[in-house]
Structure formats: structure tokens, C-alpha cells
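One-letter residues, chain by chain:
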Amino acid sequence: MPSSRLEVDVGNTRIKWRYGNAGHWCARGVLVSDELLALTPLAIQYQVEVVAIASVANLDLLRQLEQDLAQCGIGFWRAQTQQEAAGVRNAYQQWQRLGVDRWLALLAAKRAYPQRDVAILQAGSAVTLDLLRQDGAHLGGYIFPGRQMRRRALLGNTHQIHMLQERQPELMPGVVTEACVLNAEMVLELGMLNQVEQVLLQQLSNPLWIFAGGDGQSLLEFYRQQRQPRLETSWHDELVLDGLMVQWGEEQ
Ligand SMILES: Nc1ncnc2c1ncn2[C@@H]1O[C@H](COP(=O)(O)OP(=O)(O)OP(=O)(O)O)[C@@H](O)[C@H]1O
Ligand SMILES: CC(C)(CO)[C@@H](O)C(=O)NCCC(=O)O
């Protein structure tokens, strides 16, 4: 009998979880990152045997969670970055330093598209981009500050920029503070997407560009709205959790 699992992706902003058995998910949800210990009551509620976690966040809380779960007789399994697995070779020389969310996304992409070059953009607290060739070679990537992080840096380091109301971003220059900030975010992100597109076209062969993460939908829309997007794109909601499943499956 496959064990019932709570699968968890712990980012620096949010925790995404899903509960199920052998790929059939009965429940899913989101917590904020400092609510990690709320996973124990969830695991009890769903009577899971194991909590399987990928985390790039606070290690102290993770140790506490492991202890809490052990006291309740619930297993704890933590995904790790690897040098090579499931047909993917990590490009980092110091391979342990690659974020486990990036590594698992590579495993998930390889499983989903074994015959294609892919690029993976995960737009979370940070925005990461990773390149993966069809032969399994990870070609490295980029780490950009995420949207919320940039916004906090701008507002936190100035006295007179206040966002009194949200509005739709556009490319034209703004004539009110909010528009200047929001439109600049769009200019910045489109610039990033265009520049990255150039790199992907140079480095990969007919790649599929996968978007994921909290701001991924919005970046994907920006990209698709352009006059001539040159790459095929796809949206993946739970790439890190899918990679967690690949690694779990390989280790059982
Ligand atoms: N309900 C929400 N709460 C917080 N952020 C949200 C929400 N909806 C969308 N976002 C956007 O999602 C981004 C965070 O995305 P996500 O939850 O994927 O990050 P994360 O996995 O915690 O980050 P990372 O893996 O980079 O540490 C924020 O920058 C924010 O702009
Ligand atoms: C870049 C983030 C924060 C994205 O979640 C995470 O993957 C991380 O902490 N990575 C460690 C550094 C690296 O990947 O090189």
C-alpha cells in the first residue's frame, strides 16, 4: 500500500501543501511561511504517515516541526538537492548550494518533458530561471529579486513613495506615483523577459518555457501580450511538489 503523504513546498513567503495518495490529491492549501508548525495539526487531521518537505526557508522551525511530528508518530522526509538524479545533472560545482526548489523543479520538468529543452521560471519571493537541455544537462540559471521584494526595497528606502491605490500597470510613463511605480515594474519585468528570451534562444534548441510561482501567471501574461513572443510557454502550478514526488519515488 503506498503511504499517504502531506507534500509541502516551503518558500520564503508561503507554504504550499497538498495531501493525497499515489498522485491522487484530495486537499491542498497555502500557509504563510511562519506558520510552518501548523503542519502538524494538518498531518494529524488527514492521518498521514509521512510529511514530505522541500524547504528553502528557516531551518530552526523545520527542526521543531520534525520533533513535533515525531512525537505524534508521523514520519518526516526532507528533499535534498543532488548532484545528479532522474536524468538531470546539476550544473553547480558546489551542487549542494542550488536551492532545493530549483532542483526539484528541474526533476519535475525532466519527467514531464523528457524529450525537450526547457527553461523554468519560478516567480516567488525571488525569481529564478533555470535552463535544462534535453540530454539532462542543467546549464545554470539566474536569481532575480521578486516583485514583492523589489517593492519593499523601493518603499522601505524612500520617504515619499506611497502606494495609496493599486492600478493596472501599463508601459506608458506614469503621471501619478502609483502608476510610475507599477509601470516601472512592468518595464523591468518585460525587459527581463525579453533579455532572457534572447539567452534561451541562444543556449537551447526550441525550448519550452515553463512558468511557475506566485507571480508566474502575471509574468506569463506579460510575455504572451508582447507583439512577438518567440517561445512556446506553459504554466505549471505545483512544479516543486511534482519534483518532490519524483525524488521520493526514486528513493523508495
Ligand atoms: N496571497 C498571496 N500572498 C503572498 N504573496 C502572493 C499572494 N498571491 C500572489 N503572491 C505573489 O507571490 C509571490 C510569492 O510567491 P510564492 O508563494 O511562489 O513564493 P515562495 O515560494 O514563498 O518564494 P521562494 O520559493 O522564492 O522563497 C509574492 O512576490 C507575491 O507577489
Ligand atoms: C533563490 C531561492 C530563494 C528561490 O526560492 C532558493 O532557490 C534559494 O534559496 N536558493 C539558494 C541559492 C541558489 O540556488 O544558488
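Computed from a predicted model, the values in this text were never measured in an experiment.

(A) Representation of the UniProt feature "binding site: substrate" (unreviewed entry) in the protein in the model. In the numbering adopted here, UniProt assigns the feature "binding site: substrate" (unreviewed entry) to Tyr92, Gly99, Val100, Asp101 and Arg102. Lining the largest pocket, from the residues just named, are Tyr92, Gly99, Asp101 and Arg102. With respect to the helices, strands and loops of the structure, Tyr92 is situated in the loop between β7 (88–89) and α3 (100–112). With relative accessibility at 28%, the residue Tyr92 sits in the partly exposed group. Ignoring sequence-local partners within four residues, the contact set of Tyr92 consists of Arg97, Leu98 and Arg102. Mapped onto the fold, Val100 is located in helix α3. A relative accessible area of 8% places Val100 in the buried class. Once you skip the residues sitting within four places of it in the chain, Val100 turns out to touch Ala54, Ser55, Val56, Ala79, Gln80 and Thr81.

(B) Main features of the sheet that holds strand β5 (residues 75–78). Read across the sheet, five strands follow the order β3-β2-β1-β4-β5 without closing on themselves; strand pairing throughout is mixed. Only two strands of the sheet have a single partner each, and these edge strands are β3 (24–32) and β5. In this sheet, adjacent strand axes meet at a mean angle of 20 degrees when their direction is disregarded. Where strand β1 (residues 5–10) lies against strand β2 (residues 14–21), six bridges are found, and the strand directions are antiparallel. Paired with Glu7 across the two strands is Arg18, which belongs to β2. Its contacts with the sheet put helix α2 (residues 59–71) on β4 (50–55) and β5, and the angle it makes with β5 is roughly 150 degrees.

(C) Inspection of empty space enclosed by the protein at higher detail. On inspection of all chains with the given rule, the structure shows one cavity of 30 Å³ or more. Taken as a whole, the largest cavity encloses approximately 40 Å³ of empty space. Ala123, Gly124, Val127, Gly146, Arg147, Arg150, Glu189, Met192, Asp215 and Leu219 together form the lining of the largest cavity. Counting residues per element, the ones that place at least two in the lining of the largest cavity are α4 (147–156) and α5 (177–203). Here the residues of the lining of the largest cavity are counted per class, giving four nonpolar, two polar and four charged.

(D) Seen up close, the environment of Ala85. The residue Ala85 is located in strand β6 (residues 84–85) in this model. Under the relative-accessibility criterion, Ala85 is labelled buried at 11%. Those residues in contact with Ala85 that lie beyond four places of it in its chain are Trp103 and Leu107.

(E) Quick look at the sheet that holds strand β8 (residues 118–123). Spatially, the five strands line up as an open sheet ordered β10-β9-β8-β11-β12, and their pairing is mixed. Two strands bound the open sheet, and with one partner strand each, they are β10 (138–145) and β12 (232–235). Within the sheet, the average angular offset between the axes of one strand and its neighbour, ignoring direction, is 15 degrees. Looking at chain direction, β8 and strand β11 (residues 208–212) are connected through five bridges and run parallel. Residue Ile120 lies in a different strand from β11, and its bridge partner there is Ile210.

(F) Region of interest: unusual backbone geometry. The phi angle at Gln47 is positive, at roughly 55 degrees, despite the residue not being glycine. Among the residues examined, Gln47 registers a relative accessible area of 66% and is labelled exposed. Of note in this structure, Ala86 is not a glycine but carries a positive phi near 45 degrees. Here Ala86 lies in the loop between β6 and β7. You can call Ala86 partly exposed: its relative accessible area is 25%.

The rules behind these values
Residues numbered from 1 in each chain as written. Chains lettered and ligands numbered in written order. Predicted model: local features only at pLDDT ≥ 70, side-chain atom pairs only at ≥ 80, totals over all residues. Heavy atoms only, no water. UniProt positions renumbered as here; feature names shortened; annotations may be inferred. 1 Å grid on protein atoms, 1.4 Å probe; cavity = no way out; pocket = protein on both sides within 12 Å on 5 of 7 lines; lining within 4 Å. Helix = DSSP H or I, 4+ residues; strand = E, 2+ residues; numbered from the N terminus. Buried < 20%, exposed > 50% of the residue type's maximum accessible area, 1.4 Å probe, protein only. Contact = heavy atoms within 4.5 Å. Pairing = 2+ DSSP bridges. Axes fitted to C-alpha atoms, helices over the stretch in contact; angles between N-to-C directions. Points joined across faces, edges and corners; volume = space filled by probe spheres on them. Nonpolar A, V, L, I, M, F, W, Y, C, P; charged D, E, K, R; others polar.

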